[in-house]
Amino acid sequence: MHVDLNLLTALDALIEERSVSAAAARLHLSQPAMSRTLGRIRDATGDPILVRTGRTMTLTPRALALRQEVQALVQRAQAVFTPERELDLAKLERTFTVRCHDALMTALGARLLRAAQEQAPLVKLRLLAESAGDDDDLRHGRVDLEIGSAEPAFPEICGELVGQDRLVVALRRDHPLARGRLTARRYAEAHHVLVSRRGRLRDPIDDALDALGLRRRVVAAAPTTAAAMHFVRESDLVVALPARVCGPALRALGLGALPLPVDVPELRIVQLWHRRYENHKAHAWLRGRTREIVQDIDPR
């Protein structure tokens, strides 16, 4: 099957402009030529892509679903035919898609945005929440950088350890557990909320308690650390959270943090990217900024 890659550039312009005439101007084509190209795209995809609604054109659901993938493919194709040159951050025009756990997003998001605005003002950041399951977004170019605890799952995915963290027990400052020494037994007897985007009600802390002959009462799973912290602030619940990345938020909410009274492995903070970006200068700049920000998070 022969694929005309010029159609991909035209499809990207049509999706972004949502107008045949605007897409034609963007690609320096006549409007009739762009209309003929749209016809070829419709034949190739089996979808209208753009439909008229009154005086305007509207993208079809298929076109909306293809938007990010088409944009990423066009950017990658342009990179192939662009001579390698020194990175000029002031002129860099690119949209980076970064995905990470919500606790990490809270800790590094604002500083990453500030770094982009100060160093690369034409760069846009698409910040996404961690997905609920495994996916191929890194492999297919839908995500540029993923930051979390997962190790590379495929040989074409690169990974870098950028930091480590430890769990602490977050609770109200006037919580009964805040008085006296927090033992494993006292901790187990409390009511707990877990942070799990999949709604899991068990984690490695339960394995550590099992080894001590103890069992804790988990009464809820929260989808985000932000939700869990607010639950804790308004009740006698406790939650185990990463001390480093959640420290600023805990302090902002006036919550206390006690050492976890059981031994669990330290948390690894890893950033992942596809091998295609290994020597990509703009992507390397992004990785460098996230690495610096994670390593500079106040560990108090």
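Use the structure listed above.
Residues numbered from 1 in each chain as written. Predicted model: local features only at pLDDT ≥ 70, side-chain atom pairs only at ≥ 80, totals over all residues. Heavy atoms only, no water.

Caption draft 1: Up close: the nonpolar core. With 43 residues, the main nonpolar core has F96, I147, V245 and L286 as its most contacted residues. The element contributing the most residues to this core is helix α5 (residues 102-119), with seven residues. In contact with V245, not counting residues within four places along its chain, are A103, L104, A107, D165, I269 and I297. Within the second largest apolar cluster, 20 residues are counted, among which are L14, A23, I41 and L50. (Core = buried A, V, L, I, M, F, W, Y, C linked by side-chain atoms within 4.5 Å. Buried < 20%, exposed > 50% of the residue type's maximum accessible area, 1.4 Å probe, protein only. Helix = DSSP H or I, 4+ residues; strand = E, 2+ residues; numbered from the N terminus. Contact = heavy atoms within 4.5 Å.)

Caption draft 2: A look at the sheet that holds strand β10 (residues 239-242). The three strands are arranged β10-β7-β11 in an open sheet whose pairing can be described as antiparallel. If you trace the sheet from one side to the other, it starts and ends with β10 and β11 (255-259), each paired once. Averaged over neighbouring strand pairs, the angle between their axes works out to 45° when direction is ignored. (Pairing = 2+ DSSP bridges. Axes fitted to C-alpha atoms, helices over the stretch in contact; angles between N-to-C directions.)

Caption draft 3: View of the environment of I297. Along the polypeptide, I297 turns up in the segment after α11 (281-295). A relative accessible area of 5% places I297 in the buried class. The spacing of I297 and R67 is 230 residues in sequence and 35 Å in space, taken between C-alpha atoms.

Caption draft 4: Structural view of the pattern of salt bridges. All told, the structure shown has 20 salt bridges when counted by the stated rule. The partner of R291 in a salt bridge is E160, and the shortest N-O contact between them spans 2.6 Å. Of this pair, R291 sits in helix α11 while E160 sits in strand β6 (residues 157-165), placing them 131 residues apart in sequence. One salt bridge connects D174 with R172, and the closest N-O pair in it is separated by 2.7 Å. Looking at D174, the relative accessible area reads 52%, which means it is exposed. Here the residues in one salt-bridge network are R99, D137, R142 and E146, joined through shared partners. (Salt bridge = Lys/Arg side-chain N within 4 Å of Asp/Glu carboxyl O.)

Caption draft 5: Here's a closer look at helix α3 (residues 31-45). Helix length check: α3 (15 residues) gives 21 Å between terminal C-alpha atoms against 21 Å at 1.5 Å per residue, within 8%. Structurally, α3 contributes buried residues whose contacts are with α1 (6-17) and α2 (20-26). With a side-chain oxygen lying 3.2 Å from the backbone nitrogen of A33, the N-terminal cap of α3 falls on S30. (Expected span 1.5 Å × (residues − 1). Polar contact = N/O pair within 3.5 Å; in protein donor to acceptor, adjacent residues only side chain to side chain.)

Caption draft 6: Geometry of the packing of α5 against α11. Packing of α5 against α11 brings their axes to within 10 Å, and their N-to-C directions diverge by 135°. Judged by the inter-axis angle, α5 sits oblique to α11. The hand of the α5/α11 crossing is right-handed. Packed against α5, whose contacting residues are L108, R111, L112, A115, A116 and Q119, the element α11 presents W285, L286, R289, T290, I293 and V294 at the interface. (Parallel < 35°, antiparallel > 145°, perpendicular 65-115°, else oblique. Left-handed = near helix turned anticlockwise from the far one by under 90°.)

Caption draft 7: Structural detail: the environment of L194. Turning to its location among the elements, L194 is positioned in strand β8 (residues 191-195). For the pair L194 and A65, spaced 129 residues apart in sequence, the C-alpha to C-alpha distance is 33 Å. If near-sequence neighbours (up to four positions away) are discounted, L194 is found in contact with R200, L201, R202, D203, R216, V218, A220, A221 and A222.

Caption draft 8: Structural view of empty space enclosed by the protein. Evaluation of the coordinates by the stated rule reveals one cavity of 30 Å³ or more. Computed from the structure, the largest cavity encloses a volume of approximately 80 Å³. Listing elements by their share of the lining of the largest cavity, those giving two or more residues are α4 (61-80) and β3 (95-100). Across the lining of the largest cavity, the residue classes tally to two nonpolar, six polar and four charged. (1 Å grid on protein atoms, 1.4 Å probe; cavity = no way out; pocket = protein on both sides within 12 Å on 5 of 7 lines; lining within 4 Å. Points joined across faces, edges and corners; volume = space filled by probe spheres on them. Nonpolar A, V, L, I, M, F, W, Y, C, P; charged D, E, K, R; others polar.)

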